[in-house]
Amino acid sequence: MKADELLHPRPEGLYCPVGDFFIDPVRPVERALITHGHADHARAGHGHVMATQQTLDIMGLRYGADFAGAVQAAEGQVNVGGVVVSFHPAGHVLGSAQIRVEHKGMRIVAAGDYKRGVDPTAATFEPVPCDVFITEATFGLPVFRHPDPLEEIGKLLTSRAQFPERAHLVGVYALGKAQRVLRLIRDAGYGDVIYLHGALAKLCDYYVHEGIELGPLAPATVDKGLKDQFAGRIILGPPSAFAAKWAQRFPDPLIAFASGWMQIRARTRQRGVELPLVISDHADWRELTDTLEELNPDEVWVTHGREEALVRWCELQGMAARPLHLVGYEDEAE
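Residues numbered from 1 in each chain as written. Predicted model: local features only at pLDDT ≥ 70, side-chain atom pairs only at ≥ 80, totals over all residues. Heavy atoms only, no water.

**Student:** I keep staring at unusual backbone geometry and nothing clicks. Help me out?
**Tutor:** Excluding glycine, a negative phi dihedral is what most residues carry, and trans is how most peptide bonds are arranged. One non-glycine residue, aspartate 252, lies in the positive phi region at around 45°. Position of aspartate 252 relative to the elements: it lies in the loop between strand E15 (234–237) and strand E16 (254–258). The residue asparagine 296 is not glycine, and still its phi comes out positive at about 45°. (Helix = DSSP H or I, 4+ residues; strand = E, 2+ residues; numbered from the N terminus.)

Shown next, in the form of structure tokens:
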């Protein structure tokens, strides 16, 4: 069987005609298999959704209990219209999965977003043997080499010690990045209360429910005339909140932002970031190429990111590769 007969791009997303389902479709479809809960991969309105139980829970928290007509938690190998489907950890965020589809001897793994580093807030990436590996390329350029995230957190704690009169506001996305940064801060030895913007509370509560310790947390509520109570404190919030009046409620706020994109100085200036923290939930160039060498698939399909550079690297290694040019995937996880 040819790979294109099992899975190929359509405007809605990756489509499996044999099983009549899509993987991470960007438009409502009858049957969707979802890799993880970020909004650029997991959308409401599908007739039937299959995902890990944690991703289904997260979609319910974000979109409401009726986000799909029906849902099914992926467990073990599942037969979908004659196609054998299984979900395997991707290491991206809580509940994230690679989706393996197999039919008539052809095995394709759609990795979704993934990372290879150690992260206690997400199950570790599992290499899955396959004939075709579909890889993201968010940071698919040789210049992207993510530093040790604990060293980046060390910059935050050092700044706090140097400027105890200033509130340290850290921009984090609500799913995955917020919880990872909280855990990194705890692993670095910081035990004080960390304050949260209300937009982060629901998903942080879910992570704690799932057994991920985040330490003492409290709402970032500024009492009138008492904003100095946040001097020297660490406050986490969504990046969008830092452009609003919310951030100015705190004493001399120092703006930090945790993202793989903080390697690019123009982005730090654009966002008014004083303390960039290069912490990514995606694979960097080294992790992408190491993963491809480890799996050594017959063919590589590259999607949502710097596709051409990674395709060229594959060609130089003697791997067949092509870009998919899928649309609709942004960088919410960063």
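Okay, back to it.
**Student:** Explain the layout of surface pockets to me, please; I cannot follow it from the model alone.
**Tutor:** In this approach the atoms are scanned with a rolling probe the size of a water molecule, which exposes any empty space left behind. Within this model, the largest pocket holds a volume of roughly 160 Å³. Along the wall of the largest pocket there are 14 residues; nearest its centre are His146, Pro147, Pro149, Arg180 and Glu287. (1 Å grid on protein atoms, 1.4 Å probe; cavity = no way out; pocket = protein on both sides within 12 Å on 5 of 7 lines; lining within 4 Å. Points joined across faces, edges and corners; volume = space filled by probe spheres on them.)

**Student:** Honestly, the side chain of serine 86 in this entry has me stumped. Any pointers?
**Tutor:** Looking at the secondary structure, you find serine 86 in strand E8 (residues 83–89). The exposure class assigned to serine 86 is buried, which follows from its relative accessible area of 6%. The contact partners of serine 86, leaving out residues within four places of it in the chain, are Gly76, Gln77, Gln98, Ile99 and Arg100. (Buried < 20%, exposed > 50% of the residue type's maximum accessible area, 1.4 Å probe, protein only. Contact = heavy atoms within 4.5 Å.)

**Student:** Help me understand the pairing of strand E11 (residues 132–137) in this model?
**Tutor:** Two faces, one strand: in a regular strand the side chains alternate between the faces of the sheet. With six of six residues buried, E11 lies mostly within the body of the structure. Side-chain alternation along E11 places Val132, Ile134 and Glu136 on one buried face and Phe133, Thr135 and Ala137 on a second face that is also buried. Summarising the sheet, strand E10 (residues 106–110) and E11 pair through three bridges and their orientation is parallel. Looking across to E11, one finds that isoleucine 108 is bridged to valine 132. (Pairing = 2+ DSSP bridges.)

**Student:** Help me understand helix H8 (residues 307–316), please; the structure alone is not making it clear to me.
**Tutor:** Helical geometry: 3.6 residues make up each α-helical turn, so side chains three or four residues apart lie on a common side. Of the residues making up H8, those classed as buried are Glu307, Leu310, Val311, Trp313 and Cys314. Along the long axis of H8, the arc covered by the buried residues comes to 160°, so they all point the same way. Packed against the buried residues of H8 are E11, helix H7 (285–295), strand E18 (299–305) and strand E19 (320–323). (Arc of directions from axis to C-beta.)

**Student:** How should the side chain of histidine 48 be read in this particular structure?
**Tutor:** Tracing the chain through its elements places histidine 48 in strand E5 (residues 46–51). At a separation of 3.2 Å, a polar atom in the side chain of histidine 48 contacts the side chain of arginine 31. (Polar contact = N/O pair within 3.5 Å; in protein donor to acceptor, adjacent residues only side chain to side chain.)

**Student:** Just checking my understanding: could you explain empty space enclosed by the protein for this structure?
**Tutor:** Inspection of every chain in the model, using the stated rule, returns three cavities of 30 Å³ or more. In this structure, the largest cavity encloses a volume near 90 Å³. Residue lining of the largest cavity: 13 residues in total, with Leu14, Asp24, Gly112, Thr303 and His304 positioned closest to the centre. In terms of residue class, the lining of the largest cavity is built from seven nonpolar, four polar and two charged. (Nonpolar A, V, L, I, M, F, W, Y, C, P; charged D, E, K, R; others polar.)

**Student:** Whenever I open this one, the packing of aromatic side chains confuses me. Can you help?
**Tutor:** The geometry of two aromatic rings is summed up by the distance between their centres and the angle between their planes. Going through the model one piece at a time under the given rule, you end up with 11 aromatic pairs. On the numbers, 4.8 Å between centres and 75° between planes, the contact of tyrosine 195 with phenylalanine 230 is edge-to-face. Placement of tyrosine 195 in strand E13 (residues 194–196) and of phenylalanine 230 in the loop between strand E14 (217–219) and E15 is noted, with a sequence separation of 35 residues between them. Note on tyrosine 195: relative accessible area 15%, which makes it buried. Both rings, one in phenylalanine 230 and one in phenylalanine 250, keep their centres 5.1 Å apart while their planes meet at 90°; by these two values the pair is edge-to-face. (Phe/Tyr/Trp six-rings, centres within 6.5 Å; stacked < 30°, edge-to-face > 60°.)

**Student:** Explain the sheet that holds strand E9 (residues 97–103) to me, please; I cannot follow it from the model alone.
**Tutor:** Each strand in a sheet pairs with another by means of backbone hydrogen bonds, the pair being arranged parallel or else antiparallel. Ordered in space as E7-E8-E9-E10-E11-E18-E19, the seven strands form an open sheet in which the pairing is mixed. In the strand order of this sheet, the two ends are held by strand E7 (78–80) and E19, each with one partner. Across the sheet, the mean angle from the axis of one strand to that of its neighbour is 25°, orientation sign disregarded. Sheet topology note: the E11/E18 ladder contains six bridges and is parallel. When the bridges of E18 are listed, alanine 137 appears paired with glycine 305. Its contacts with the sheet put H7 on E11 and E18, and the angle it makes with E11 is roughly 175°. (Axes fitted to C-alpha atoms, helices over the stretch in contact; angles between N-to-C directions.)

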